[in-house]
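Below, each chain spelled out in residue letters.
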Amino acid sequence: MIKILVAVFLMTFAICMSSSSYFIHFFAHRALERDAELLLTYFHSSLSEAHTLLSRVKKDGLYKCSDTLERSLETYEFESSSVRWLGVVDEDNNLCASDPNNVDLNTDQVHDLQDGYTLVSAEYKNNQGRDLLLLNSAGKTRFYASLDLVRAENVLGFDCERCLEYTLQVVGSPEPLFEQHVLESEPVVELSTLIHEEPIDLRLTIRGSTNFFQHYKTVGWEFAALFSTIISISIASLAYFLLRRRQSFERVLQDAIRAKEFVPFYQPIINSKTGHVAGAEVLVRWIRRDGSSVPPNEFINFAEKSGLIIPMTELLLKQVGHDLAAFGWQGSPYYASINIVPEHLQSNTFYEKVEEVINKNSLRPENIALEITERRRIVDLKQARQVLDRFYALGIKLKLDDAGTGYGGFSYIQELGISSLKIDKMFIDSILAIEDFKTPVLDSIINFAQSSDLEIIAEGVETPEQIEYLNKRDVSLIQGFVFAKPMPASDMANWLQISVS
Ligand code: C2E
Ligand code: CA
Ligand code: CA
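Small disclaimer: the values here were computed from a predicted structure and weren't measured.

Visitor: Summarise the state of the cysteines; cite the residues concerned and give the values.
Guide: Scanning all chains against the criterion turns up one disulfide. Across the disulfide, Cys65 is cross-linked to Cys96 (sulfur-sulfur distance 1.8 Å). Sign of the S-S torsion, about 105° for the bond between Cys65 and Cys96, identifies this disulfide as right-handed. One end of the pair, Cys65, is in the loop between helix H1 (2-59) and helix H2 (67-79); the other, Cys96, is in strand E2 (residues 95-97), and 31 residues separate them in sequence. Among the residues examined, Cys65 registers a relative accessible area of 25% and is labelled partly exposed.

Now the structure itself:
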């Protein structure tokens with residue numbers, strides 16, 4: 001079981017990881033897009049605020065550098081959340097600023113906006129990066145507002161100078177005119193976002209460099225590994241749970257076989273024309289310790305898949321041998337028809353068990369019949385035929401169960417030496433108590449069986465009208481609730497006494 005669980009874990013992990021690359025790419029793009037939007041939003045609000053503040057400073061007519069001007073600038077700047085400092089360079093080239101700053105305003109990195117505004121990229125004198133400023137002039141006086149790029153960069157969480165290029169462009173200009181940072185490595189993602197708002201229209205292009213993208217990929221792979229581990233553990237746990245349940249059901253069935261809790265019920269097959277019993281089908285019932293009876297559909301599939309059907313049928317067979325002797329069927333032509341599966345025909349083991357039961361209970365081989373369903377596939381028809389020939393030589397016949405519903409059909413009839421067809425209840429149900437109904441499939445099965453000299457048993461017959469219909473078509477062997485339901489051996493013995501006498 002451990003090997004299976006490890007394999008399940010590894011397979012799930014591999015599948016999850018290999019499909020993760022798509023998500024990692026997707027999430028890296030989303031992250032870049034989100035950051036671009038954020039950055040742009042900050043630029044935009046900074047620029048709008050700077051624009052408003054500069055027009056207010058200008059309106060106040062505070063053009064001459066003085067303590068009063070400095071204090072006013074401080075007050076204005078204080079009101080703004082995204083302008084870092086405000087400054088005025090007066091006619092005499094003196095700088096008054098809301099914050100002591102160390103920016104070299106003599107730069108040629110400028111870009112003219114509308115309404116006489118200009119964007120200026122100025123370097124810090126101590127080489128500590130750049131400042132982006134909005135500039136408005138009145139005569140020789142210049143008004144500056146520093147945009148809060150740092151905050152935008154902080155939002156991104158890493159050093160944009162190395163990892164990002166962002167380009168500002170005023171709409172209407174054909175080329176990006178102001179470059180804040182230069183990209184060093186190859187761009188892998190390119191996005192652009194546009195905000196239209198008077199008076200400034202901005203376009204920001206963000207390019208994630210390999211570094212930038214790589215960061216998200218690393219985060220992505222870490223997430224993918226964690227996600228894959230969780231999924232793999234969940235799937236492996238589910239597999240463990242299912243295996244345990246399977247194992248435990250297998251064990252429960254094994255214990256029930258050992259405790260002989262599987263018993264044969266008998267459902268008579270009757271010749272409706274003569275009223276004589278022809279035999280009975282053996283139908284397994286699981287009688288649990290508490291006396292409750294479990295129908296076959298709750299365990300037969302599992303028993304067949306797990307191979308437990310073999311010891312289960314052997315257990316039934318032994319009890320059937322004993323029951324038939326108790327019914328007094330030795331020497332009679334009555335038969336008990338046992339349901340077998342293809343695995344019973346893979347070797348002679350089952351044949352030998354049947355022979356042993358017959359001898360032990362002094363039965364005639366004719367007292368035992370076999371039925372095999374058309375629904376199950378027999379892999380090696382030749383091998384099955386060899387085993388069946390031994391049964392036939394002894395005098396035991398084979399019926400094809402659920403005829404017309406499976407895929408064995410004609411090949412089984414031809415290859416396996418079938419002597420009877422059991423017509424499934426499904427077709428019998430098509431015989432209705434109304435006038436002018438049609439049963440083309442049932443009729444053709446009957447015609448086929450009769451022309452092939454096969455005995456026909458109609459199964460699941462519930463009404464006298466169905467018997468009448470079948471009798472008219474020379475089908476007289478009937479198994480169904482119309483005569484009797486499957487019953488335990490003791491009831492069957494009583495039933496036989498009443499109906500045979
Ligand atoms: P099946 O071999 O086709 O058996 C006939 C089923 O139809 C039985 O159901 C029987 O009780 C039911 N039946 C018979 N006449 C009527 C009727 O007039 N009306 C209705 N509604 N049902 C009717 P059961 O006993 O529940 O068995 C179900 C299936 O389980 C069987 O279908 C067979 O495929 C499988 N099975 C039963 N016992 C064994 C067994 O010992 N070995 C194997 N391998 N399979 C078995
Ligand atoms: Ca059957
Ligand atoms: Ca059947």
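Visitor: An account of the nonpolar core is requested, with residue identities and associated values reported.
Guide: Core analysis: the largest hydrophobic core is formed by 60 residues, its most contacted members being Ile368, Leu370, Phe391, Leu421 and Leu470. The biggest single contributor to this core is helix H8 (residues 349-360), with five residues. The contacts of Leu370, once residues within four sequence positions are left out, are Ser337, Ile338, Ile340, Phe350, Phe391, Ile396, Lys397, Leu398 and Lys399. Grouped together as the second largest cluster of nonpolar side chains are 19 residues, Val57, Tyr117, Phe143 and Ala145 included.

Visitor: Residue-level account of the coordination of the calcium ion (ligand 3), with values.
Guide: Octahedral six-donor coordination of a metal ideally yields angles of 90 or 180 degrees, compared with 109.5 degrees for tetrahedral four-donor coordination. Protein coordination at the calcium ion (ligand 3) comes from Asp401 (OD), Asp402 (OD), Glu459 (OE) and Glu459 (OE), with a distance range of 2.1 to 3.1 Å. All donors of the calcium ion (ligand 3) come from a single chain, and their spacing in sequence reads D-D-x56-E. Note on Glu459: relative accessible area 12%, which makes it buried.

Visitor: Pulling in residues and values, what's your account of the coordination of the calcium ion (ligand 2)?
Guide: Protein-derived ligands of the calcium ion (ligand 2) are Glu281 (OE), Asn339 (OD1), Glu371 (OE) and Asp401 (OD), with the metal-ligand distances lying across 2.1 to 2.4 Å. All donors of the calcium ion (ligand 2) belong to a single chain; written as a sequence motif, their spacing is E-x57-N-x31-E-x29-D. The metal-metal distance between the calcium ion (ligand 2) and the calcium ion (ligand 3) is 4.1 Å, with Asp401 serving as a donor to both. With Glu371 in strand E16 (residues 368-373) and Asp401 in strand E17 (residues 397-403), the pair connects residues that are 30 residues apart, well separated along the chain.

What counts, and at which threshold
- Residues numbered from 1 in each chain as written.
- Chains lettered and ligands numbered in written order.
- Predicted model: local features only at pLDDT ≥ 70, side-chain atom pairs only at ≥ 80, totals over all residues.
- Heavy atoms only, no water.
- Disulfide = S-S within 2.5 Å.
- Helix = DSSP H or I, 4+ residues; strand = E, 2+ residues; numbered from the N terminus.
- Buried < 20%, exposed > 50% of the residue type's maximum accessible area, 1.4 Å probe, protein only.
- Core = buried A, V, L, I, M, F, W, Y, C linked by side-chain atoms within 4.5 Å.
- Contact = heavy atoms within 4.5 Å.
- Donors = N, O, S within 2.8 Å, 3.2 Å for Na, K, Ca; no water.

Fair warning: the whole summary comes from geometry, so function is off the table for now.
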